[in-house]
Every structure is written in structure tokens, then in C-alpha cells.
Amino acid sequence: MDRQFGSFRIDIDEIEALIQREGYASALLQVPDGLMRHAAELAREIRSGTGIEVVIDGDTCYGACDIAVSRAKALGLEALVHLGHEQIPSMEIDGTLPVHYFRVVEEMDLSEMYNGLDRFLKKVKKGRVGILTTAQHREDLDKAASYLEDHGLDVLVGAPGIRETFPGQVLGCSFSAARSLSKEVRIFLFIGTGRFHPLGISLSTRKDVHCVDPITGDLSVIGKDDRERFLRIRGAQIASAQDHLRTDKRIGIILSPKPGQKRDRLARDLENLCSEKELDPYLVSMDILSPMKVRSLGFKVACSTACPRIVADDSILYMSEGIVLLSPIELRIVLGEAKFSSYLLDEEW
Ligand code: SF4
């Protein structure tokens, strides 16, 4: 049975039933930052319902890719209970510790979303629309699609790729659902907050993306100007990396130990490529990246194989420390192994 924790709905009975069925004596409870203020209450409920020891993981969780298996094992706990993210289907999980994902539904007043959809319908009166969202708004996608269909639009929902769990889902590291519709639709509609995901959809399809913010009802568009601005910034970073590497051949290739961000083969391929091009590459393991850490290692140029959003979102912070942080494809462009004209966001999984 679902129980309410603030605006979040969680099926605690399902969690307790699983713990009892598996016979665990202890578990690490990992929740997203937004749910952290309810973590103590959740731990108390699970503890009193099952009698097991529940330890709260107090570290930041960046997504379904960032599960605390190693911390649970280090503490000698028997299982990891991970709330609030959908499991990434293609992610390899260390099989020595059981990991259980549970859904969290955030209750939202959808009136603003419908207001935003009405604004969209005033601009786009007919035709075929591809609709996309993030895991946070999974529940809203079907409602928005039905509403648009009732108002005369032909709505298509993209097929999930290897990292997504439901049709129409996009992640900051995968826009497969958008590309699966690219030949069939002229217009994309993104239901969600922030600019990163619609910009990713727009870059990976080279099409404009209308965005309805379900919380404020605002309607905005990510278009050609936004794509060009992003590409100009990345082009300048690539040129800057080429300048630095002419005089200082050292480059850090950052490798994440997070289970769903670890791309060791890619990192080693990039290391080999750098060596072939007579650079001086170093593999660096880093759980949480920061400009200060990269600077303290003395690198002017680094390439991150961790979460793709770090390069896209945080490169300005690295620039202010005098560091160029590149994605894998950007490094290949620097090395003359790829062309800037076919620039893509980092989705190499
Ligand atoms: S790798 Fe980054 S974008 Fe992908 S799921 Fe993890 S946190 Fe999100």
C-alpha cells in the first residue's frame, strides 16, 4: 500500500515484503537528494515493519547510475534499497550485493501542465508531434499525450534505448527515444524542467523542441540559435585544448568508479589514441569530479568518461580554473579522428 512522505508516494509494504521474503538482516537505504528530508522517516518505517537494521546513505545520489553498492559492502550490509530512480537496463551491477529499486511517485498539481499544453496547442494546431520526458515526469507523459490527442494532434512516443526504462524517456546520457522518432515527426514536445534535456533532444535530432514546464506551465522553444550557441562554445573549447596540448602534452582521462558511469574500455581506448598521437595521457579515477581536483593534478586539459552532463553543464566552472574539460567525441576531434561538423553529444555506452 502506498504511503505519503510529503508530496512523495511510496509503496512501503512492497519494500517490507521484499526484505522479509529475502530474509535480509540489514540494508543501506539510498534516496535522491529531493527525498533526503524524508529518509529518517522512511528508515524508521522500514525498521519497525521488518525489524532489520537500516542505515541511511547520506551521500549525494546523482541518478540510477550512482548506486551505493561499494558503500553498502564496505559497511557489511546485506542489501541496497534504492528509491526514486528507474533501473538502467544495460547497467552492469556487482552481483555480490543484492540491489533493489523502488519507484517513488511525486504528487503534482497538473493544472499548470495543462495550461502549458493549451499554450502549445495555440501554436501547433495539427500534425504529428513526438513527446518526450524524464523519469521524474513519467506519470505525466501519458496524460499529456492523451490531452493533445483529444485536441486533434497525432502524438508519437519514442522507443527507449539501452539505458531507458519506458517509452518517451530521455536521460542526460541518452536521447535514443528522440532519434527513434526523428524521421517521423517535425515537432518535438518535451514535458519537464530545465534546458539541458530539450537541448540534447534538439542537438541529437537537429530539430526544434517545444518545452512545457509542468510546474510553472511555461512554454519555451529550443531552436537553431540555442544549438549554434552551444556548438560555438564547444568549438572554442576544442580549439583551446588544441592550443594547450601543443605546449603541454599531459592530459587526464577521467574514469568514474560509479557503477552506471564507469566506461573503462572507452577511457583506455582514448588513452591509447592519445599515446598514438604522441600526447602524455594519464587515467584518473574520480568518483565526484570538480575543477579543483583536476587543477590539483596539474592538467590543463582533461577528458571525462563519467556522466556526460558534467562536460555539458559544468565546463564553464572548469574554464574559470583554466582547465578545458572535453567529452570523448571532443577529444577525438582535437586529435583529428572525428569532424566537428558531425558533432554529437556524448552517448557512447
Ligand atoms: S550518467 Fe548522468 S545523465 Fe546518465 S543517468 Fe547518470 S547522472 Fe543521469
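For the structure, see preceding data.
Here is a short report on the structure shown in this document.

### A closer look at the environment of Ala 177
Here Ala 177 shows up in helix α6 (residues 176-179). For Ala 177, a relative accessible area of 0% corresponds to the buried category. Separated by 121 residues in sequence, Ala 177 and Ile 56 place their C-alpha atoms 34 Å apart. Ala 177 has contacts with Leu 132, Gly 158, Ala 159, Gly 168 and Gln 169, leaving out every residue within four places of it along the chain.

### What about the site of the ligand?
Near the ligand, the surroundings consist of Tyr 62, Cys 65, Arg 163, Gly 172, Cys 173, Gln 261 and Cys 307. When the residues that make up the shell around the ligand are grouped by side-chain class, the tally is 4 nonpolar, 2 polar and 1 charged.

### So, unusual backbone geometry
The backbone phi angle of Arg 206 is positive, close to 60 degrees, even though this residue is not glycine. Turning to its location among the elements, Arg 206 is positioned in the loop between α7 (196-205) and β11 (209-212). In this structure Arg 206 comes out as partly exposed when scored by relative accessible area, which is 38%. The residue Glu 278 is not glycine, and still its phi comes out positive at about 65 degrees. Relative to the assigned elements, Glu 278 resides in the loop between α9 (264-276) and β14 (280-285).

What counts and what doesn't
- Residues numbered from 1 in each chain as written.
- Predicted model: local features only at pLDDT ≥ 70, side-chain atom pairs only at ≥ 80, totals over all residues.
- Heavy atoms only, no water.
- Helix = DSSP H or I, 4+ residues; strand = E, 2+ residues; numbered from the N terminus.
- Buried < 20%, exposed > 50% of the residue type's maximum accessible area, 1.4 Å probe, protein only.
- Contact = heavy atoms within 4.5 Å.
- Near = heavy atom within 4 Å.
- Nonpolar A, V, L, I, M, F, W, Y, C, P; charged D, E, K, R; others polar.

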